[in-house]
Every structure is written in C-alpha cells, then in structure tokens.
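Secondary and tertiary structure notes
Listed below are the residues making up each chain.
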Amino acid sequence: MIMHGLKHNIMAEEELFLLPGYQDQLRSTLSNSIYDNLPEPLRDLFTTIDNPYERDILLLGTLTVLSGCMPNVIGFYDRKWVSPNLYTFIEAPAGSGKGVLSWTRLVGMEIHKMLLEETTLAKKQFEELKREKIKQKDADVSALKEPPCKLLFIPANNSASSVVQTLSENDGAGILFSTEADTLANALAQDWGNFSDVLRAAFHHEPVEMQRRQNREHFSVERPRLSVLLTGTRGQVIRLIPDTENGLFSRFMFYSFPAVPTFRNVFDHRGTDPGQTFRKVGQMVKEMYLFLQGQTQALELYLVKEHQDRFIKQFQLLTHVAHKDSGTPILATIHRLGLICFRMSMVFTTMRYYSQTNRDKKSEIKIQPTDLEISGEIAYTLLYHANMLVADMKNGSKYIQQQAKQQRFFDILP
C-alpha cells in the first residue's frame, strides 16, 4: 500500500481527527527503501552517494529529465490522457551542493546531441538547396522554409514565444533545464513573457499559443509535453512563485535542504566519477527514446482496479488530514500531488519495462505495485517540503507557519 506513513497512522476515516497531526509523520529525506526498489538501471546511479540530500535531489532531477525522454507514453488520469512530464524545483542556499544536478543532464544529453546533429544536417541541406535555387534563378526560393531546430533541453533565458516556438518545432516536447532560477524569473517578469501561463497550461498538456509582436509570427502547440528542472535559493523560489495562489506552486515538486557547514574531501579518489555512470544510463535512455518513438501507437500505462481503489483512498485520507492540519493553501498541492505520483510511477514502470532483455512490443503495460509504492513514498516527502515552503509564503497557512517555527526550534536544540 502506498504511503506507509498514512498506512500505519490512519487506520480508518472515523479515527482521522483523533490522531496526531500528520506533520509529525512527514520525512524531510527519502527513505532507503525507495532506493532499494528502484528499477535496476536507476539503482546503480545512487549506490556510491552517501549524502542523503545529494542522493535525493539527484533522484528527483533524474526522474524529471527521464519524464521528458519518454515519447509515446501515456496514462489515463482524471478523465484525460497524460504524459509522464514532471516539474521540479530544488531549493537550497548558495554553495550548498546543488551543482551535482548537472549530472542529471547527462541522462538526456545523448538524445539532445542526436537531435542537434539532425538539425545541423537538415540546415546544411537547406542551405545547399537554397544556393542551388538562387544559382538557377528559381522563383520558388522565397517559399523555402528553414528546417525546425530540434533539441531536447530548452534554455530558460527565453521569451515565452521562443519557448512555444521551440516546443512547436520539437513536436510539443522538451525539457526546460536551468541551474539558476533567476534566469526563468527574469523571463517571467517581462511584459512579453506570459511564461507563467505557458508553464501552467503545459503541465496539463493544454494547448498553448503565442505570437511575436515584431513580425506577427504565430506559434501553437496542441498538446505540449514539457518537463521543467530548476534550482535556486529560497529567495529565487519566492521571486518566481510569490504565493500559493499562483498556480505554478502546486505544479512543482519542491525539495529544500540546508547548507552543511563542512568542507568535504575534494581529493577523495574512492569509487568512480558519478558522471560516468550517468553517461552510461544516458546511452540506454537514448536507445529507449528511439524504441518508444518508433512505436506505431502510444504505450498506455494503467493501474489495475485494486491499485486504483487503494490510490484513491490514500489521497482522500491525505487530503482530509492535510486540510485539518495545514488549512486551505495546501489543498491544490495535494490534488496535483496525486497526478505527480501517477506520473512518477509511469516513469519507473517504463524504465523497468525497457530494461527487460526479453521485452515484447506492447500497447498496454500495468504499472507495477513497487513503482506505485515508491512513488507514493516520494510524494509523501514532497508534501513535507511543500509545507515548509508554504510557511514562508506571504499568504501561507498560519498552521504551517506555527509548525515550521516549532520545527526550526527543535532543529537548534542540542
């Protein structure tokens, strides 16, 4: 059953309001059982990482990049078909070690390189054809259209129209990856940005449209499949998402961790460069990407009825308890956390399916109970971090603020 914290502390709905606050059961770090049960290709990425915060942000970052590398993967959730795309924000003070997330980019880098090579070749062929038509004084030369710019990772220092154009040229798919959230916050602050609207719509695969003012170019994406991975400080989070009423807040998986006042041994030669392991997984992810892209029809992931019922019951109970202890500001987060949990399980099961040496091409795959379990455990930890961030929002819950103060007090006790 997903979410062990609820399983052991909430036995029946009638007992709900007689139990201690659910905040006491939330964890700030992911449990070891999650890593023990990861699909084999992912498990190797974290075996040599001792720091629990570092290990957690690498897992969340890897999940986010993977969610943008799975074309033709869908699941049915809340009366619509969804893809596995995730939004993640890793928050920590400057110099706390967020830079390790650059390794997660290596998971999708082989796909990114492949798409860029396709673009380079297409543009070369376009220029040759254009020169030939000019040489022949062909009147059709003006009708030639430049080939689309194919890529996986979308720069965050873009206007909203540029992002929509990039998505349009990449069949609606891409990963917005930035290690400095201010880059995106600056774009959101521009009058011409409308970036926030694009991000909110893309999370639910709703159509997005944009028109450049300069030359009236119009771009539209019918079903965007955008993944987002950002890192930054608490101040950058508040600047990007100033309050919980901003719909962006509930769409993100947040993970916060403190700066540790130690200087690690930077000359330690034990083990191997983790980057090599991430590159190796990146090669496999490229092969998986091509395999999924080559499917004649979308690969549908689904929950069996028993697991559907269990999933609904757990999130119903979680909603009741969270609202009682944290108030209304946390409700949107919980509602979207269900979708995020489902999408994470889609990523895990797709990885597990592809890593099988004797896999057959299928049109439907059952989401594995283990993948639903570990996704639920991750979601429960994400709720802890969302609560802590809500406490710092200007319209945050007074209940969460009080609990956050108590938590900080306990943290400084000897």
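The present account deals with the structure reproduced in this document. (Residues numbered from 1 in each chain as written. Predicted model: local features only at pLDDT ≥ 70, side-chain atom pairs only at ≥ 80, totals over all residues. Heavy atoms only, no water.)

1. Some points on the overall build of the protein chain
For the protein chain, the helix and strand inventory stands at 15 helices and 11 strands. For the protein chain, with 414 residues in total, the buried portion stands at 53%. In the protein chain, the proportion of contacts linking residues at least 24 apart, taken out of those at least 6 apart, comes to 77%. About 20200 Å² of surface is accessible on the protein chain, with carbon and sulfur atoms providing 49% of the total. (Helix = DSSP H or I, 4+ residues; strand = E, 2+ residues; numbered from the N terminus. Buried < 20%, exposed > 50% of the residue type's maximum accessible area, 1.4 Å probe, protein only. Contact = heavy atoms within 4.5 Å. Areas by Shrake-Rupley, 256 points an atom, 1.4 Å probe, with all protein chains shown as cover.)

2. Here we look at the packing of aromatic side chains
Enumeration over the complete set of coordinates arrives at 16 aromatic pairs. Between Tyr77 and Phe311 the ring centres are 6.2 Å apart and the planes differ by 90 degrees, which places this aromatic pair in the edge-to-face class. Within this pair, whereas Tyr77 is found in strand β1 (residues 73–77), its partner Phe311 is found in helix α12 (residues 305–326), the two being separated by 234 residues in sequence. Accessibility classification places Tyr77 together with Phe311 in one group, the buried group. (Phe/Tyr/Trp six-rings, centres within 6.5 Å; stacked < 30°, edge-to-face > 60°.)

3. Comments concerning the nonpolar core
Leu38, Leu59, Leu226, Phe252, Val285, Met344 and Ile378 are the most contacted members of the largest nonpolar core, which totals 111 residues. When residues in this core are grouped by element, the largest group, 13 residues, is from helix α13 (residues 331–354). In contact with Leu59, not counting residues within four places along its chain, are Leu30, Ile34, Tyr35, Leu38, Phe46 and Ile378. (Core = buried A, V, L, I, M, F, W, Y, C linked by side-chain atoms within 4.5 Å.)

4. Re the sheet that holds strand β3 (residues 87–91)
Spatial ordering of the open sheet is given by β4-β5-β8-β3-β9, a layout of five strands whose pairing is parallel. Looking along the sheet, the strands with just one partner apiece sit at the ends: β4 (153–154) and β9 (253–256). As judged from the two bridges shared by β4 and strand β5 (residues 173–178), these two strands associate in the parallel manner. Note on β5: the bridge partner recorded for Ile154 is Leu176. (Pairing = 2+ DSSP bridges.)

5. Topic: unusual backbone geometry
The bulk of non-glycine residues show a negative phi, and the bulk of peptide bonds are trans. Even without being glycine, Arg79 reaches a positive phi, approximately 70 degrees. Assignment of secondary structure puts Arg79 in the loop between β1 and β2 (80–82). Residue Arg79 is classed as exposed on the basis of its relative accessible area of 75%.

6. Describing the pattern of salt bridges
Per the stated rule, a full pass over the model turns up eight salt bridges. Its salt-bridge partner being Glu91, residue Arg234 comes within 3.2 Å of it at the nearest N-O pair. With Arg234 in helix α9 (residues 234–240) and Glu91 in strand β3, the pair connects residues that are 143 residues apart, well separated along the chain. What makes Glu91 buried here is its relative accessible area of 5%. Put simply, Lys113 and Glu110 hold a salt bridge, and the shortest N to O gap is 3.9 Å. Taken as a pair, Lys113 and Glu110 lie in helix α5 (residues 102–135) at a separation of three residues, close to a single helical turn. (Salt bridge = Lys/Arg side-chain N within 4 Å of Asp/Glu carboxyl O.)

7. Here's the deal with the packing of α5 against helix α11 (residues 274–293)
Their axes nearest at 7 Å, the elements α5 and α11 cross at an angle of 45 degrees. Overall, the two elements α5 and α11 adopt an arrangement that is oblique. For the element pair α5 and α11, the recorded crossing hand is right-handed. Residues Trp103, Thr104, Leu106, Val107, Glu110, Ile111, Met114 and Leu115 of α5 touch α11, and the partners they reach there are Pro274, Gly275, Phe278, Arg279, Gly282, Gln283, Val285, Lys286, Tyr289 and Leu290. Of the residues in the contact of α5 with α11, the class split is 11 nonpolar, four polar and three charged. (Axes fitted to C-alpha atoms, helices over the stretch in contact; angles between N-to-C directions. Parallel < 35°, antiparallel > 145°, perpendicular 65-115°, else oblique. Left-handed = near helix turned anticlockwise from the far one by under 90°. Nonpolar A, V, L, I, M, F, W, Y, C, P; charged D, E, K, R; others polar.)

8. Considerations on a nonpolar patch on the surface
A grouping of Phe409, Phe410, Ile412 and Leu413 is seen on the molecular surface, where their side chains present a nonpolar patch of about 450 Å² in accessible area. Secondary-structure assignment places Ile412 in helix α15 (residues 398–412). Judged by relative accessible area, which is 67%, Ile412 ranks as exposed. (Patch = residues over 30% accessible without salt bridge, like charges linked within 9 Å, V, L, I, M, F, W, Y side chains within 5 Å.)

9. What to know about α12
Over its 22 residues, α12 runs 31 Å from end to end, which matches the ideal 32 Å to within 8%, given 1.5 Å per residue. Positive phi appears at Gly327, one or two residues downstream of α12, with a value of about 85 degrees. (Expected span 1.5 Å × (residues − 1).)

10. Some remarks on the pairing of strand β10 (residues 299–302)
Along β10, the buried face is formed by Leu299 and Leu301; none of Glu300 and Tyr302, which line the opposite face, is buried. Bridge analysis of β10 against strand β11 (residues 364–366) gives three bridges, and the strand direction is parallel. Note that in β11 the partner of Tyr302 across the bridge is Lys366.

11. Comments concerning the side chain of Ser375
Note on placement: Ser375 falls in helix α14 (residues 369–390). Leaving out residues up to four positions away in the same chain, Ser375 has contacts with Cys341, Met344, Ser345 and Phe348.

12. Let's talk about the sheet that holds β1
In a beta sheet, neighbouring strands pair by backbone hydrogen bonds and run either parallel or antiparallel. The four strands lie next to each other as β2-β1-β10-β11, forming an open sheet whose pairing is mixed. Since the sheet does not close on itself, it has two edges, and those belong to β2 and β11, each with one partner. Across the sheet, the axes of successive neighbouring strands diverge by a mean angle of 35 degrees, strand direction being ignored. Here β1 runs beside β2; their pairing, made up of three bridges, is antiparallel. Each residue of the ladder has a partner; that of Phe76, found in β2, is Trp81.

13. Points about the packing of helix α4 (residues 52–67) against α5
Relative to each other, α4 and α5 sit at 25 degrees, their axes nearing to 9 Å. Comparing the axis directions of α4 and α5 gives the class roughly parallel. In the crossing of α4 with α5, the sense of the turn from one axis to the other is right-handed. On the side of α4, the interface is formed by Glu54, Leu58, Gly61, Thr62, Val65 and Leu66, while α5 contributes Trp103, Thr104, Val107 and Gly108. Looking at the contact of α4 with α5, its residues break down into five nonpolar, four polar and one charged.

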